[in-house]
Amino acid sequence: MSIDLAFDREHIWHPYTSMIDPLPVYPVVAAEGCELILENGQRLVDGTASWWSAVHGYRHPVLDQALTEQLSQMAHVMFGGITHPQAVTLCKQLLAITPASLTKVFLADSGSIAVEVAIKMALQYWQGMGNTDKTELISLRKGYHGDTFAAMAVCDPVDSMHSMFARLLPKHHFLPAPTCSYDQEYPAHSTAPLRQLLEQRHSKIAALLLEPIVQGYGGMRFYHPSYLAECRALCDEFDVLLIADEIATGFGRTGSLFACEKATIAADILCLGKALTGGYLTMAATLCTDQVALGVSQSEAGGLMHGPTFMANPLACAVANASVGLIQAGHWQQQVPAIEAQLRAELAACQASPLVKEVRVLGAIGVLEMHQSVDVAKLQQHFVGDGVWIRPFNRLIYLMPPFIISPEQISRLCWSMRRAVLG
Ligand SMILES: *Cc1c(COP(=O)(O)O)cnc(C)c1O
């Protein structure tokens, strides 16, 4: 059975692509461990973990078994008026590994939806508390929170789809992207713009929504934990909720189980996704405090107004339970720092390239920020030729491999990246 690439090109949308002039796609027929297997038998070392999600690699026996066992019980059942063991176990696990102040869990069907739910929670909370003025949000420039409309409205207003949909998007407030680097001395007054905005407008502001420490698709930028700690303090001072979008950073990626831990803070609302199911199925979660849940439940609607058809899908819950179990076993605590050290050592040489603006590494994330936008199709051809799978975009060539990657596999990824920028 060969993959009909002509049909694909003619009829199937891929992420962010044109139907008239799509970029080439590579036919993958299988994947195992840290490798993707192309139709022609070629194996590619995976540098992407399928967009942050496949942290345990592909075809992990524990995850495969969890899914197979659940399949013999039931694939799906509605969550309205029904509960099931996998959902209960998963929510118990999530509450056990997140801050004690987070006590309620909403199981959403994707990261973008988890962000939509977080925003609804914040708006319904203030409504329920009798404060109908607090309807505006604050987020950071260079942020990314998903592709649905409410999520889009809090993404970077320049680099996202704002201009295209400007008339349809609610107007929120954007702070300058933090410039206080993760590993440099923290410049005082970094959060002055937030303080200023809150002093002027706090009575209208429902929540500050941000990606803690790592701004992902908006630029792969790493900012200082003190910035996050000060944001938390300012939210408390001005009575504004803090929503942490840990969809990319959660489950060990930055070297901490959650990025908020680097600033020893807890958000009022927390979004999780991507690695939640180990990259097997689509599922995300929005957690909140007792206080938020109370406000939401007192709001006009009398409950949280969201309920997707596939909410808490048992297959997704089962594989998430297995994935979170593997995270709790703790191997990532050795794997991620080892990946970090090797990426630092083997990507450093790229700094010598005139094409490269900056090399950055944090946890199991390695980034080359280029001066110019890259030619994605040409670079991918180079990478596939070298036996690696790396998916650049805009001015970024970056790695976020599965945590199970071997030192030899990391070396292959870094070698190919060095060749791409140094020739
Ligand atoms: C990927 C991502 C999302 C959106 O998740 P989807 O599952 O793609 O909808 C939201 N926020 C952050 C920080 C992300 O990285």
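In case you missed it, the structure is sitting above this.
Here is a short report on the structure shown in this document. (Residues numbered from 1 in each chain as written. Predicted model: local features only at pLDDT ≥ 70, side-chain atom pairs only at ≥ 80, totals over all residues. Heavy atoms only, no water.)

Throughout the structure, instances matching the rule amount to 16 salt bridges. The closest approach of N and O atoms between Arg-232 and Asp-268, which form a salt bridge, is 3.0 Å. With Arg-232 in helix H9 (residues 225-237) and Asp-268 in the loop between strand E10 (241-245) and strand E11 (269-272), the pair connects residues that are 36 residues apart, well separated along the chain. Both residues of the pair, Arg-232 and Asp-268, count as buried. Arg-395 is paired through a salt bridge with Glu-369; the nearest N and O atoms lie 3.0 Å apart. Taken together, the residues span a long stretch of sequence, with Arg-395 in the loop between strand E15 (388-389) and strand E16 (396-399) and Glu-369 in strand E14 (residues 365-370) at a distance of 26 residues. (Salt bridge = Lys/Arg side-chain N within 4 Å of Asp/Glu carboxyl O. Helix = DSSP H or I, 4+ residues; strand = E, 2+ residues; numbered from the N terminus. Buried < 20%, exposed > 50% of the residue type's maximum accessible area, 1.4 Å probe, protein only.)

Let's shift gears to the site of the ligand. As a matter of local geometry, the ligand sits amid Ser-110, Gly-111, Ser-112, Tyr-144, His-145, Gly-146, Glu-211, Asp-245, Ile-247, Ala-248 and Lys-274. In the model, an oxygen atom of the ligand is placed 2.8 Å from a nitrogen or oxygen of the Gly-111 main chain. Bound to the protein, the ligand loses 83% of the 380 Å² it would expose on its own. (Near = heavy atom within 4 Å. Polar contact = N/O pair within 3.5 Å; in protein donor to acceptor, adjacent residues only side chain to side chain. Areas by Shrake-Rupley, 256 points an atom, 1.4 Å probe, with all protein chains shown as cover.)

Further remarks concern the layout of surface pockets. Approximately 380 Å³ is the volume found for the second largest pocket. Taken together, 21 residues form the lining of the second largest pocket, with Ser-181, Asp-183, Phe-222, Glu-358 and Arg-360 sitting closest to its centre. Listing elements by their share of the lining of the second largest pocket, those giving two or more residues are strand E9 (221-222), helix H12 (332-347) and strand E13 (356-362). In terms of residue count, E13 provides more of the lining of the second largest pocket than any other element does, 4 residues in total. In the lining of the second largest pocket, the residues fall into 10 nonpolar, 5 polar and 6 charged. (1 Å grid on protein atoms, 1.4 Å probe; cavity = no way out; pocket = protein on both sides within 12 Å on 5 of 7 lines; lining within 4 Å. Points joined across faces, edges and corners; volume = space filled by probe spheres on them. Nonpolar A, V, L, I, M, F, W, Y, C, P; charged D, E, K, R; others polar.)

The quantities given are spatial measurements derived from coordinates; they are silent on function.
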